[in-house]
Amino acid sequence: MDRQKLQRIGVTAASSVAAVLFALVICGIILLLTGRSPSHVYQTMWDAAGERRIQYDAIQRATPLMFAGCAVALGFKMNLFNIGVEGQYRIAALVTAIVGTRIGFLPAPLHVAVELAVACVCGAAWAGIAAFLKVRRGVNEVIATIMLNAIAISLAAWLFNTYFRYTQGNSQNVTTRPIPRSGWMPDIVKDQLNGFFIVALLVVFAYWIVVFKSRFGFRLRASGHNDVAAKTSGISSKRMIVTALLLSGAVAGFIGMQQTLGDSHAYSSQGFVDGIGFLGIAVALLGRNHPIGIVLSALLFGLLAASATKLGLIKVPQEIVQIIEGVIVLSVVIVNEASGRWVDKRTQQRAAHAVEHHLTQLGVTA
Amino acid sequence: MSLTQADVDLAGPPRRSAALLWSSRSSRQRILISAALTFLLLSVVREKTGAYDLTSSGTVTATLHLALPILFAGLSGLWAERVGIVNIGIEGMMILGTWGGGFGAWKYGPWVGLLFAMIGGMIGGMVHALATVRFNVDHVISGFSINLLAAGAVRYLSAVYFVGKKGAHGGVGSVSLSPPQKGTIPEITLRFITDRANASCLTKPSGLFWVECRRWFVVSDAAGIARGFLSQMSLATILGLGLVPITAWIMWRTRFGLRLRSSGEAPSAAESLGVKVLRLRYIAMAVSGAMAGLGGGYLAIVTNTQYKEGMTANRGYIGLATMIFGNWRPTGLLGGAALFSYSDALRLRNNKSIPALLLFVGLILLLFSVSAIMRQRWVTAYFTGGAALLFFVLYATVHRLSDDLTSAAPYIITLIVLASASQRLRPPAFSGRPYRPGDSH
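Bear in mind the structure is a predicted one, so any value in this text is a computation, not a measurement.

A.B. asks: Just to check I follow, could you spell out the overall build of chain A for this structure?
C.D. replies: When helices and strands are tallied, chain A shows 14 helices and 4 strands. Relative to the compact-globule value of 21 Å for 366 residues, chain A shows a C-alpha radius of gyration of 23 Å, a close match. If one aligns the C-alpha atoms of chain A with their principal axes, the spans along those axes are about 90 × 55 × 35 Å. Looking at the 366 residues of chain A, the share that counts as buried comes to 48%. Taking all contacts inside chain A whose residues are at least 6 apart in sequence as the whole, residues at least 24 apart take part in 77%.

Printed below as a string of structure tokens:
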């Protein structure tokens, strides 16, 4: 590994860590202003992070975030902003839960595999609407996916309320019909850690291979960087837009799966953490669209949320974590921008030096 | 607007087609004609279907209440985009506004509440300005993180300041609820013209309300709409409606407005003429944030009597949609807000009038389709015609629409508009692109 590459990795890692530290400082100030002791809060969260139960919980919370982060990062690589992850996974979760109950005759591994395939197809299909509007009608994907999110949530609520409501015994929890046991994703640690963590790692690995190591990935990134230049070398940016959005939607389909196949074994309208698709954007930004970055930042977000559950004991609202997350996103993009500019400047200076050096060696004076 | 001789020559032999009549009108005349046509069509549908709520004064009052937050959000988007900044953070700024409004109104009364709401939104706007103008962060990412931040911030603040605190009527605050506030913003009702606000057609109505209850074609419809505007008008509503012409005047009739718009269209050119683009962007973002905050404050103070978590319910995004729907113009914005809130008001008041609304929308789409055919815009004609057909089928088959589905209507309409007319929409040319002074050559 050459020196420049090492330096770039160093700058990236340092700026991400700086952003997180900056967010902690800001939140410390907010805690102080509202009369809480920041050191006490951070100490409590740190101690909680050492507990095994909290660690499992953190991984559980990080799993959907890894899917969401990958989905968003796929779009980012093609210079697309897929805000629609939220809608894509809801549609996918509902349809999968319904299909899952109808194919109970399949043996266990096949049953789960079919369910996952259905989720992918649904997520991709919902993202496909935005892709169609963008490519054929010139509608900006940000606006289109925001609208499609709202439509998806309404559509899912309507389908669920009118056709698929099912009340289990006398429980308060209204869900769809339960999925038979063969369609469940098994736990790694009983009731604490679900198998979807492994799936998430596999998906992140696949993301790495597809985007960074394959011919398709190269074309995707080239087109995202500069679609005019890519077009001149024969890469259709329209096709890349469609493929990237479809892939992004397909990965987004996985987000709701841990809840649907691993935990409640049915679709329930209250089951999902609100805004998980949006947190995925934060994960992708903090992780700089890099697979390892995505895994680490998803784990960080999971750990923050899990250890915050202990804050109730010292009478500090655990909502402080949401502020930390928001500030992390904002500071990470600001730090990225600033460090990017700094690196550019360094490169420019170095190039200028090299040219000057070369010229003096040739005996030319400026 | 009068035609010159050259215009007549260019147009060739006079053709009295509707399309030509339409295209020779000034934009003000067009707006008036469309408003009159809409009203007439509405009266016809009301008469034919017997869905009296289509033009009742109660519907108008409800529409106004629902329209104002969307209108504020749309204005917020307009101020930001006209100066060149994409504002996805309207939702977050509104959330800050609802909290500020709830807090201020609970502690110091409704007017101070509105002020606090404005300040809350403005804080969000300034964060957005700082990120996008000073640090050149991608506008969508910054706006989105403001939404994330605001949602967390208000939950935290509520937990600190609201939990267990007492308000009016013995109401107690919680993580998701502010203690109820004492007073309300005064409402104006011209009683001698419009009758009492809570009068009913069964008791002896008087004034405009008497005319409304006769159910005469066109006359009663006009009376109903007029009464809606003259009774139970909150001062905050009047203030909000007033902001639309004020915004239009500032942006299109003043030097400041010209500079503001020029920095959204061509900032380098503006800068070269001595316009202080960056300063304008900060100012416009402060206004944009204040507008969004007011929208939130209106929700917490006028439509409700306290702050509730999630009460913005994506209205920031709907506001953004209205702005696009209205082609980045104040009048269009007003039309969009009226459309979205009217359908919502009908749904909330009386679900049975929804089929009548479907018929109405179908007829309007049909008109658009016909006009598109005459102008030989086949794609638009195809889209609108198909949509019209869909609405007629819905009218014939549906008797009650699920709330879940009708709540998606604004978004679907926006997507249809974007898909069929995105070529004709004209956003500010430089909106959303990174700009640093002296950077572009």
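After that view of the structure, there is still more to cover.
A.B. asks: Would you mind showing me how to read the overall build of chain B here?
C.D. replies: Looking only at helices and strands, one finds 20 helices and 2 strands in chain B. Taken along the three principal axes of its C-alpha coordinates, chain B extends 70 × 65 × 40 Å. A total of 441 residues make up chain B; the buried ones form 50% of that total. In chain B, the proportion of contacts linking residues at least 24 apart, taken out of those at least 6 apart, comes to 72%.

A.B. asks: When you look at the confidence of the model for chain B in this model, what are you seeing that I'm missing?
C.D. replies: Any segment with low pLDDT has predicted coordinates that should not be analysed in fine detail. All names here are of chain B. Of all residues in chain B, 91% have pLDDT values of 70 or greater, and the mean over the chain is 84. The model gives residues 1-16 a pLDDT under 50, and that stretch makes 4 contacts with residues more than four places away or in other chains. This complex was scored by the predictor with a pTM of 0.86 and an ipTM of 0.83.

A.B. asks: For this particular structure, what's the right way to read unusual backbone geometry?
C.D. replies: Trans peptide bonds make up most of the peptide bonds, and negative phi angles are found at most residues other than glycine. Residues and elements named next belong to chain A. In the Ramachandran plot, His265 falls in the positive-phi region, its phi being about 55° despite a non-glycine side chain. Its place among the elements puts His265 in the loop between helix H11 (257-263) and helix H12 (276-286). The exposure class assigned to His265 is buried, which follows from the 21 C-beta atoms found within 10 Å.

A.B. asks: Would you mind showing me how to read the domain arrangement of chain B here?
C.D. replies: Where interface size is quoted, it is often the accessible area lost as the parts come together. Residues and elements named next belong to chain B. Annotation of chain B at the domain level lists domain 1 (50-189 + 232-349) and domain 2 (350-426). Computed over C-alpha atoms only, the centres of domain 1 and domain 2 are separated by 28 Å. Contacts between the two partners involve 13 residues from domain 1, matched on the other side by 17 residues from domain 2. Those elements that provide at least two residues to the side of domain 1 that touches domain 2 are helix H15 (315-325) and helix H16 (330-349). Top element by residues in the side of domain 1 that touches domain 2 is H16. It accounts for 5 residues.

A.B. asks: Would you take a moment to explain helix H6 (residues 110-134) of chain B for this structure?
C.D. replies: In an α-helix, one full turn covers 3.6 residues, which means residues spaced three or four apart are oriented alike. In a regular helix each residue adds 1.5 Å, so 25 residues correspond to 36 Å; H6(B) covers 35 Å between its end C-alpha atoms and thus fits that length. H6(B) sits mainly inside the fold: 18 of its 25 residues count as buried.

A.B. asks: When you look at the interface of chain A and chain B in this model, what are you seeing that I'm missing?
C.D. replies: Every contact between the two is made by 37 residues of chain A and, on the other side, 36 residues of chain B. Mapped onto the side of chain A that touches chain B, the elements with two or more residues apiece are helix H5 (108-137), helix H6 (141-163), H12 and helix H14 (320-362) of chain A. It is H6(A) that contributes the most residues to the side of chain A that touches chain B, 13 residues altogether. Among the residues forming the side of chain A that touches chain B, the class breakdown is 26 nonpolar, 7 polar and 4 charged.

A.B. asks: Can you walk me through the environment of A:Gly128 in this structure?
C.D. replies: Residues and elements named next belong to chain A. Examined against the element boundaries, Gly128 turns out to sit in helix H5. Of the residues examined, Gly128 has 17 C-beta atoms within 10 Å and is grouped as partly exposed. A C-alpha to C-alpha distance of 9.0 Å links Gly128 and Thr243, two positions 115 residues apart in sequence. If we ignore the near neighbours within four places in the chain, the residues touching Gly128 are Leu246 and Gly249.

A.B. asks: What's the story with the packing of H12(A) against helix H7 (residues 139-161) of chain B in this structure? I'm lost.
C.D. replies: Relative orientation and spacing of two packed helices are given, respectively, by the angle between their axes and the distance between those axes. In contact at an axis separation of 11 Å, H12(A) and H7(B) are set at 125° when each is read in the N-to-C sense. Comparing the axis directions of H12(A) and H7(B) gives the class oblique. Our pair here, H12(A) against H7(B), has a crossing hand that is left-handed. Together, A:Phe278, A:Ile281, A:Ala282 and A:Leu285 of H12(A) and B:Ile141, B:Phe144 and B:Leu148 of H7(B) make up the contact between the two elements.

A.B. asks: Looking at this model, I keep getting lost on the nonpolar core. Mind explaining?
C.D. replies: Generally speaking, nonpolar side chains in soluble globular proteins are found buried as a group. Core analysis: the biggest nonpolar cluster contains 228 residues, and A:Met66, A:Ala68, A:Cys70, A:Met147, A:Val283 and A:Ile328 have the highest contact counts within it. Two domains share this core, each providing at least three of its residues, namely domain 1 (50-189 + 232-349) and domain 2 (350-426) of chain B. Beyond its immediate stretch of four places on either side in the chain, A:Met66 contacts A:Ala200, A:Val204, A:Ile294, A:Val295 and A:Ala298.

A.B. asks: Hey, could you run me through the packing of helix H4 (residues 57-82) of chain B against helix H10 (residues 219-230) of chain B in this one?
C.D. replies: All names here are of chain B. Axis separation between H4 and H10 bottoms out at 7 Å; the angle between their running directions is 45°. For the element pair H4 / H10, the angle class is oblique. As for the relative orientation of H4 and H10, their crossing is right-handed in sense. Facing H4, whose interface residues are Ser57, Val60 and Thr61, H10 presents Gly224, Ile225, Arg227, Gly228 and Phe229. Each residue belonging to the contact of H4 with H10 can be placed in one class, and the counts come to 3 nonpolar, 4 polar and 1 charged.

A.B. asks: Could you clarify how one ought to interpret the environment of B:Gln376 in this entry?
C.D. replies: With respect to the helices, strands and loops of the structure, B:Gln376 is situated in the loop between helix H17 (354-374) and helix H18 (378-397). On a C-alpha basis, the gap between B:Gln376 and B:Pro428 in space is 27 Å, while along the polypeptide they are 52 residues apart.

A.B. asks: Would you mind going over the environment of A:Ala119 with me for this structure?
C.D. replies: All names here are of chain A. Position of Ala119 among the secondary structure elements: in helix H5. Its 30 C-beta neighbours within 10 Å are what place Ala119 among the buried residues. As for Ala119 and Phe254, which are separated by 135 residues in sequence, their C-alpha atoms are 6.4 Å apart. Setting aside its immediate chain neighbours within four residues, Ala119 contacts Ala92, Thr96, Gly253, Phe254 and Met257.

Conventions used here
- Residues numbered from 1 in each chain as written.
- Chains lettered and ligands numbered in written order.
- Predicted model: local features only at pLDDT ≥ 70, side-chain atom pairs only at ≥ 80, totals over all residues.
- Helix = DSSP H or I, 4+ residues; strand = E, 2+ residues; numbered from the N terminus.
- Rg over C-alpha atoms; globule rule 2.2 N^0.38 Å.
- Buried ≥ 20, exposed ≤ 12 C-beta atoms within 10 Å, placed from the backbone.
- Contact = placed C-beta atoms within 7 Å.
- pLDDT = per-residue confidence, 0-100.
- Domains from an automatic or database assignment.
- Expected span 1.5 Å × (residues − 1).
- Nonpolar A, V, L, I, M, F, W, Y, C, P; charged D, E, K, R; others polar.
- Axes fitted to C-alpha atoms, helices over the stretch in contact; angles between N-to-C directions.
- Parallel < 35°, antiparallel > 145°, perpendicular 65-115°, else oblique.
- Left-handed = near helix turned anticlockwise from the far one by under 90°.
- Core = buried A, V, L, I, M, F, W, Y, C linked by C-beta atoms within 7 Å.

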